Amino acid sequence: GDRLPREAKKNDRVLIFFAGHGQTEELDGKQCGYIIPVDGEMRNYFSSAISMVQVREFSKRIPAKHIYYVIDACYSGLGLKPPATSKRDLELKSAGGSFHEGVEGYLNKITSRIAVQIITAGGKNEEAEEGESHGLFTEYFLKGLEGEADRNKDHILTASEIGVYTSKEVSVASDNEQTPGFGWIDGEGEFVFILPG
């Protein structure tokens, strides 16, 4: 909360990865989600954990144009804003945010806009399962980064493409017990990776 706001610049890209415990707390009929740091207390969430509200608010302190939260924790879906309802969000979710060849300037357009995006290990009521060497979500997230999420093989990988790929693959691998969520906290751009080749 102190270092990144001082070090990040306007056109930087920041990726924040968290793998660990998550927990929910019910207050007045509302669910509050938390990620538990290594020194956090499993019984005192408010004073020792990081709320998903804080995670969303944290990005407002970072001046970077593109911020991508990757959270492998139980119940991390509470970090997402309500499901997409705009036509644009629904089109990007169904298309996976992939780069469409032949659409002049598309890549420039999506990278020139602010993008604060998040991908979570599962829904707000779902536990994150373990894989062979990482959490199941992290295993498929890494496979996606290695190129499996590049649906149209253009070597340009968007956060939305990773979201579509990871959501489907983790859901299948977990027998639909865990379905990653993804979306925007702010902005209309895309966090983009350029793959080798």
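Keep in mind the model is a prediction, meaning the values are calculated, not measured.

J.: Looking at this structure, I do not really get the nonpolar core. What am I missing?
T.: Membership of the largest hydrophobic core comes to 20 residues, with the highest contact counts inside it found for Y68, I119, F141 and I162. If you list the elements that add at least two residues to this core, you get β5 (66-72), α6 (136-148) and α7 (159-173). Setting aside its immediate chain neighbours within four residues, I119 contacts Y68, Y69, V70, I71, F137, F141, I162, G163, T166, G181 and F182. By size, the runner-up hydrophobic cluster in this structure holds 16 residues, among which are F18, F58, I62 and A64.

J.: Would you take a moment to explain the side chain of E190 for this structure?
T.: Locating E190 in the fold gives a position in the loop between β8 (181-187) and β9 (192-194). Take E190: its relative accessible area is 1%, and that puts it in the buried class. At 2.5 Å, the side chain of E190 forms a polar contact with the side chain of S160.

J.: Help me understand α7, please; the structure alone is not making it clear to me.
T.: Residues spaced three or four apart along an α-helix point in a common direction, a consequence of the helix completing one turn every 3.6 residues. Here α7 is 15 residues long and its end C-alpha atoms lie 21 Å apart, about the 21 Å a rise of 1.5 Å per residue gives. For α7, the full list of buried residues reads A159, S160, E161, I162, G163, Y165, T166, S167, V170 and S171.

J.: Got a minute to help me understand the sheet that holds strand β6 (residues 115-120) in this structure?
T.: Hydrogen bonds between backbone atoms are what pair the strands of a sheet, whose relative direction is either parallel or antiparallel. One open sheet holds the four strands; their spatial order is β1-β5-β6-β8, and the pairing between them is mixed. The sheet is open, and its two edges are formed by β1 (13-19) and β8, each paired on a single side. Looking at each pair of strands side by side, their axes are set apart by 15° on average, direction ignored. The pairing of β5 with β6 spans six bridges and is classified as parallel.

J.: Got a minute to help me understand the environment of P5 in this structure?
T.: Mapped onto the secondary structure, P5 falls in helix α1 (residues 3-7). Distance from P5 to F58, taken between C-alpha atoms, is 9.5 Å for residues 53 residues apart in sequence.

J.: Sorry if this is basic, but what is going on with the packing of aromatic side chains here?
T.: For any pair of aromatic rings, the description rests on two quantities: the centre-to-centre distance and the angle between the ring planes. Summed over the entire model, instances satisfying the criterion amount to five aromatic pairs. Grouping aromatic residues by their ring pairs yields a cluster made of Y68, F137, F141, F191 and F193. For the cation-ring pair, R13 lies above F191, with the distance from its terminal atom to the ring centre recorded as 4.5 Å. Stacked on the ring of F193, the Lys or Arg R13 has its end atom at 5.8 Å from the ring centre.

The rules behind the values
Residues numbered from 1 in each chain as written. Predicted model: local features only at pLDDT ≥ 70, side-chain atom pairs only at ≥ 80, totals over all residues. Heavy atoms only, no water. Core = buried A, V, L, I, M, F, W, Y, C linked by side-chain atoms within 4.5 Å. Buried < 20%, exposed > 50% of the residue type's maximum accessible area, 1.4 Å probe, protein only. Helix = DSSP H or I, 4+ residues; strand = E, 2+ residues; numbered from the N terminus. Contact = heavy atoms within 4.5 Å. Polar contact = N/O pair within 3.5 Å; in protein donor to acceptor, adjacent residues only side chain to side chain. Expected span 1.5 Å × (residues − 1). Pairing = 2+ DSSP bridges. Axes fitted to C-alpha atoms, helices over the stretch in contact; angles between N-to-C directions. Phe/Tyr/Trp six-rings, centres within 6.5 Å; stacked < 30°, edge-to-face > 60°. Lys NZ or Arg CZ within 6 Å of the ring centre and 35° of its normal.

Spatial relationships are all this shows, so hold off on functional conclusions.
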